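# Structural overview
Next come the chains, spelled out residue by residue.
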Amino acid sequence: MISLLGVALLTVALSAPALAFVPIGGGLPSHVTITGTALLQKVNEACQAVAEANGHEFKPTGSSPEELVQACLGPLATGVVSGAKFHTALQEIYTQNGLVDRDFINSPPHHFNNEAFNEGRALITEGLVAIKANVRKENFKAARETLGRVLHTLQDFYSHSNWVELGYSQPYINLMRPDLPLENLADVDTATCVDCSTGLCINPILPNILLEKKLTSGYMGIFSPVKPAGKCSHGGTADLTTTRLPKSSLNKDEPGKDSAVFHNKAVNIATAASLQLLEDVRLAAGDNDFLRMMGIARSSVVCFVIDTTGSMADDINEARAVVYEIIDSKKGTQDEPSEYILVPFNDPGFGPMIRTADSEKMKAEISKLSANGGDDAPEMCLSGLQLALTGSPSSSHIYVFTDATAKDIDLKDTIVALIRSTKSTVSFFMTGGSGRRRRSVRVGSFNDYKDLALASGGQAIQVSKNNLPQATDVILDTSTSALVTVLQRARTTGTTETFPFVLDYSLNNATLYITGRSLSFTLTNPSGVTQNQNPGSGKLATVQTVGNLWRVTVNPDKEAGEWNIKIVTSAPYTIKVTGQSTVTFIYDFVEMFDGPHPGFAVVSGRPQAGMPANLKLSVMGRLGPASLTIGEIGLVLVSSPENITDSKMTDLGNGDILVTVDQVPQGEFVIVVKGTDKLSNSKFQRQSTTQMSVSKVNIQMTVDSSMEPGQDFKIPFNVMTQGSADSYTISIKNDRSFKMTYPQKLLLTPGEYANGTLVISPPEDTQSGTDVTVTIEAMSSSGVDSNFAVLRLSVMTKITDFIQPRCHLVSVHADDCPEDVTQCKDFHWQLSASLTDGNGTGIESLYLHQGNGVFTHSPLNVTIVQANYNASCCSQVVEFIATDHVGNVGKCHHSIAYSGGPPALTLSLPLWLCLLVSAFALRP
C-alpha cells in the first residue's frame, strides 16, 4: 500500500512532461514516471527509517509536499516548512534525465543502441562513482544532475535491448557491477532479427538468439541508414535504418501493436532497476544525506562571507553574535538552518570555505576568526563571494560583511551569472569609511555591491560600525524557512510613487525593507488605515531605521488584502516585501527540443531576445497545488511602474504550468504570480527575487563525464548571435583556480554557431569528488550584449576497486530467546562479526541500518573491523551497511526469526554455523 508520501511523489512525477520512453503527451509511462516512481519509494523508505531512528512515527497530516516534508523532518521541528526545495530537487533530476535525449541523441552508449553494452555500462558505473563521491563532498546538485542522466541510460537498456524478449523478469545487476562480466553479447557479425515487414512480429528476435540467450540491441541511424547485416533496428520515424532489411524494430518506448506486452515488462523491470540503483546510492550516502540530496531539509542554507582585514574586528564580532543568535534562537524549529557555510576573505587570500550541518562546529569556526592584514582598502570580496555561490546549494541566503570595495571587480559579471544560475540571495553589510590607503588599481565601489544585491533580491545596507548590530535583524528575518517575496522594485531616480501589494492570510511575519536616503513613506492597509515612517510601534507596523535601511515589521494581526506604500524622495531607493508562507512557486526558463523524444531543456543563461520566452513553473499551496487558483503570471520590470506582460498559460497538471510570454520587457525583470488561496478565499501575490534580462547571444556547453586529477579535460562550446556580426570577447572562470586555456575572441556571424574549446587542468592532488563550477561569458565588442553559461564538473580519481567489503560471522548467541515471541521483552541476543575490504580502499563507514539494538564496532582504520550487536529478542533482524572509500556498498543481514520463532537450536553446530554464514554473507 503506497503511503501518502508515495502518492504525492508519484503525483509530482506524473506531472512532468515525458522526456523519453515515449514522446511528450499520451499519459503513458516515461523516463520521468519511472524515475518518479522509484524516487517516491526510496524517499518514503528513508523518511520512515529516519523517523524510527529518531523515535517518532512518520505520519503526514496530508499529501501536500509541505506536509510530507514536515512529517519527514519530525514533529519536534515546529514552524512553517516549504516543499520548494523538494520540488526543485525532483525537477533537476527529471531535467537532466530528459536532456540525454537532446545532448546525446546520437550517442549509442547513452541509450544502449548499436549493441554498445560495455560502453553503456561504463556510463552507469562511472556515474555511480561520481554520485557517491559528490554526496560525500556534499555536492548534492552535482549528484542530482548525474543521477538523472545515469537513470536514463539504465532505463533505456530495458527498452532498447532484447533483455525482455529473452524472458528475463528481473534487472541485470551486472550493469551496476563492473566486477561482473557482461556475458553472451552478440558480436557484430551475428544476425539477430527477423524481417517483420511482411506481417505481425510478436518477438522479432531470431530463434537461435533466443535459445542461446544472446544479448543484442537495435541500431539507430539519425544521419545514416547503414546497419550491420541481420541486425535489428531501433525503430521510429527518426531511425533511417528501418529502410534496410531486416525491417524490425526493437525499442519498447511505446506500447505498439507488436510490443505492448514487452513495453509493460520493460517499464516494470526499468523501475525495479532504478530502485536498485537508488538503493545503492541511499546505502552509500546514509538516509540523512540521501534526503538532503533530495532537498528534504529544514530551512535554507545560511552562508556568511566575512572580510577579515585589520579594520574588521567590530564587524566580525557582530557577525559572530548573529550566528550565535540564529543557532540558539532557532534550534529545534523549522527555521533552524539545515547547513552553515563560512567563507573568510582578506588580501590577497580568500577561503577556505567551511560548511557544516553541526551548529556547534559553526560556532567554533566563526569564533576563530580574527581581524588582521589588509593594508589597502580594496579586498578580495568577490572571490570569496564566488566561492560561496558555487559551494552553497541553490536558493541559499548569503550575507557579506565588509568595509572595503572589491579589488577583484573583474569577477562582477561572473557573480551576476552565478546569482542568476543558483537563484541565491546576496545581502551586503557595508561599514565603509575606513582611512586605509587605496592602491592605484581598478577597483569597484559600494555601488557594485548594491548592483549585485539588487540582482539577487538581497539588500545593500550601509551603516556605521557602531550601528551594525541594529542592521543585522535582516539576517534573523531572512534566515528562515518558507521565505517568499511579495514585491521588489528599484528606482534609480527619486520620485513620488505608490506601490500596491497583496498580503494574504497564509503569509506570516510580513516585513518591508526600504533602502535609501532622505525619504518618507506612508503605509496603508485595505481599510484605509495609515502609518508614516516615524520609528516605533504603530497601528500597522513597527518601524526601525539604521543607516540607509528602513525595516517595517507588519503587526501579526494584519488585515489580508491589497496594501500600498507611498514613497516620497528625490534619491534612488529600493523596496522589498517578504514573509513566510507555503504558498510559493519555483520556475525555470525553458526551451523545447525536437527529435525522437522531444522535451523541455532548462535555458542556461539569459533567455533569447526577439523570441517568446517560455517558463515552466510549479506552484505550491498549503495543501498542494489543488488548494490554489492561478489568475495571472507575467514578467515585470524592476525599475518601471508595474505592468505585467501578457502571457499564455498551459496547465500541465498537478501545479505545473507552461507560460509563454510573446513580448519580453527590455531591461531587468522578475516573475510575478497572482492567484487565490482557496483555503482562505484570499488573493495572494508572489514574485521571484532573481532579476533576469534577455540577450541575443546563445552559448551551448555540454559535458557528461568527469575529469581526472592531473589530466587535461576538453570542453567544446558553441556561441551564436542573432544580432549583428561582431567580435565577441570570451571570458571563462572557475571557482577552483584550475589552469585553463580557451580562445579569447570569437568572430560571430548572425545565425551561425562559432566553435571553441576550453581545456581545463585539475592538479594531480585534487581530491576525488571535488566539484568545479565553470562560468563562460561572451560579450560583444561594444559591451551592449552578453550572455553566460554555467557548468558543474566533477573531478574523479580513476577507480579500480569495485569489490564490496566482506563480513564474516564470528558468533550468534540467541539461545535465551523464547519460542513464544510475545514473551521476548526480558530477553536479549548478541551477534559479533568481522569485516574487511580485502585489498580494496578500506572501509570508510559502518552503520546500523535495521534493528533496534546497540551496535558498536572497532576503529575503521584497520584491516579487520570487529562489529558487535546486542538487542532485545523482540527485535529479531539486524542489518548493517559497510561502504569503502570509493562507495562500494555491502549489506550484512541476519535474522533470528524462523517460521516457528527463534532459531532451531537442535541443529548440529557445524551445519548451524554454515547456514548462518550463508545467510549472513554480505549481499550486493
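In this numbering scheme, every chain counts its residues from 1 along its sequence in written order. With the structure being a predicted model, the display of local features is reserved for residues of pLDDT at least 70 and the display and counting of side-chain atom pairs for 80 or more, all residues being used for whole-chain, interface and lining totals. As a rule here, side-chain values come from all non-hydrogen atoms in the structure, and water together with hydrogens is ignored.

## Focus on the nonpolar core
Residues enter a nonpolar core if they are buried and are Ala, Val, Leu, Ile, Met, Phe, Trp, Tyr or Cys, with the set joined through side-chain atoms within 4.5 Å. A 1.4 Å probe rolled over the protein chains alone gives each residue an accessible area, and that area as a share of the maximum for its type sets the label: buried under 20%, exposed over 50%, partly exposed in between. Ranked by size, the top nonpolar core spans 56 residues in total, and within it Phe157, Tyr158, Leu175, Leu277 and Met293 carry the most contacts. Only runs of H or I of at least four residues qualify as helices and only runs of E of at least two qualify as strands under DSSP, and these elements are numbered from the N terminus. If you list the elements that add at least two residues to this core, you get helix 2 (31–53), helix 3 (65–73), helix 4 (84–103), helix 6 (117–136), helix 7 (140–160), helix 9 (260–285) and helix 10 (287–293). Examining the composition of this core, we find that 11 residues originate from one element, helix 9, more than from any other. If near-sequence neighbours (up to four positions away) are discounted, Met293 is found in contact with Ala89, Val135, Phe140, Ala143, Arg144, Leu147 and Val281. Contact definition: two residues touch when any of their heavy atoms are within 4.5 Å.

## Digging into the packing of helix 14 (residues 412–422) against helix 15 (residues 446–456)
Inter-axis angles, ranging from 0 to 180 degrees, are taken between N-to-C directions of lines fitted to C-alpha atoms, where helices are fitted over the stretch in contact. Viewed as axis vectors pointing N to C, helix 14 and helix 15 meet at an angle of 15°, and their least axial separation amounts to 9 Å. Viewed along their axes, helix 14 and helix 15 adopt a mutual orientation that is roughly parallel. The element helix 14 and its partner helix 15 pack so that their crossing is right-handed. Here Lys412, Ile415, Val416 and Ile419 of helix 14 come into contact with helix 15, specifically with Asp448, Asp451, Leu452, Ala455 and Ser456. Should an angle lie under 35 degrees it is considered roughly parallel, over 145 roughly antiparallel, and from 65 to 115 roughly perpendicular; all remaining angles are considered oblique. We call a crossing left-handed when the near helix sits turned anticlockwise from the far one by less than a right angle, and right-handed when that turn is clockwise.

## Observations concerning unusual backbone geometry
Backbone phi values are negative for most residues with the exception of glycine, while trans is the configuration of most peptide bonds. Pro348 follows Asp347 through a cis peptide bond whose omega is 15°. Looking at where Pro348 falls in the secondary structure, it is placed in the loop between strand 2 (340–345) and strand 3 (354–356). Geometrically, the link from Gly351 to Pro352 is a cis peptide bond, its omega value of 0° lying close to zero. Turning to its location among the elements, Pro352 is positioned in the loop between strand 2 and strand 3. In this structure, Phe112 is a non-glycine residue whose phi angle is positive, near 55°. In this structure, Phe112 sits in the loop between helix 5 (108–111) and helix 6. Overall, Phe112 belongs to the buried group, its relative accessible area being 0%.

## Section: the layout of surface pockets
The distinction between a cavity and a pocket rests on a 1 Å grid over the protein atoms alone: a 1.4 Å probe fits inside a cavity but cannot get out, while a pocket stays open yet meets protein on both sides within 12 Å along at least five of seven lines, and a residue with an atom within 4 Å of a point counts as lining. Grid points are joined across faces, edges and corners, and a volume is the space filled by probe spheres set on the points. The space that makes up the second largest pocket amounts to roughly 730 Å³. Taken together, 32 residues line the second largest pocket, and the ones lying closest to its centre are Ala49, Asp287, Tyr847, Leu848 and His849. Within the residue set of the lining of the second largest pocket, elements represented by two or more residues are helix 2, helix 6, helix 9, helix 10, strand 35 (843–850) and strand 38 (877–884). All amino acids are sorted into three groups, where Ala, Val, Leu, Ile, Met, Phe, Trp, Tyr, Cys and Pro are nonpolar, Asp, Glu, Lys and Arg are charged, and the leftover types, Gly among them, are polar. Grouping the amino acids of the lining of the second largest pocket by side-chain chemistry returns 10 nonpolar, 12 polar and 10 charged.

## Observations regarding the state of the cysteines
Criterion for a disulfide: a pair of cysteine sulfur atoms at a distance within 2.5 Å. Inspection of the entire model under this criterion finds 5 disulfides. Here Cys193 connects covalently by a disulfide to Cys232, the sulfurs 1.8 Å from one another. Because the torsion about its S-S bond is 90°, the bridge between Cys193 and Cys232 counts as right-handed. Taken together, the residues Cys193 in the loop between helix 7 and helix 8 (207–212) and Cys232 in the loop between helix 8 and helix 9 connect sequence positions 39 residues apart. Each member of the pair, Cys193 together with Cys232, is buried. Disulfide partner of Cys196: Cys201, at an S-S distance of 1.9 Å.

## Describing the packing of aromatic side chains
A pair of Phe, Tyr and Trp rings is counted when the ring centres sit within 6.5 Å of each other, with Trp represented by its six-membered ring. The angle between the planes then sorts it: under 30 degrees is stacked, over 60 is edge-to-face, the rest tilted. Scanning the model with the defined rule gives 20 aromatic pairs in all. Relative to Phe429, the ring of Phe401 has its centre 5.0 Å away and its plane inclined at 15°; by these criteria the two rings are stacked. Here Phe429 lies in strand 5 (residues 425–430) and Phe401 lies in strand 4 (residues 397–402), a separation of 28 residues in the sequence. Each member of the pair, Phe401 as well as Phe429, is classed as buried. Pairing Phe428 with Tyr449 gives two aromatic rings, centres 4.7 Å apart and planes at 15°, and the pair type is stacked. Within this pair, whereas Phe428 is found in strand 5, its partner Tyr449 is found in helix 15, the two being separated by 21 residues in sequence. Among the aromatic residues, those joined into a ring-pair cluster are Phe112, Phe117, Phe157, Tyr158, Trp163, Tyr168 and Tyr172.

## Observations concerning helix 11 (residues 313–330)
Helix span is expected to be 1.5 Å times the residue number reduced by one. In a regular helix each residue adds 1.5 Å, so 18 residues correspond to 26 Å; helix 11 covers 26 Å between its end C-alpha atoms and thus fits that length. Along helix 11, the positions that sit buried rather than exposed are Asp315, Ile316, Glu318, Ala319, Arg320, Val322, Val323, Ile326, Ile327 and Lys330. Against strand 1 (302–307), strand 2, helix 12 (359–367), strand 4, helix 16 (468–471) and helix 17 (473–478) lie the buried residues of helix 11. Positive backbone phi, approximately 85°, marks Gly332, located one or two places after helix 11.

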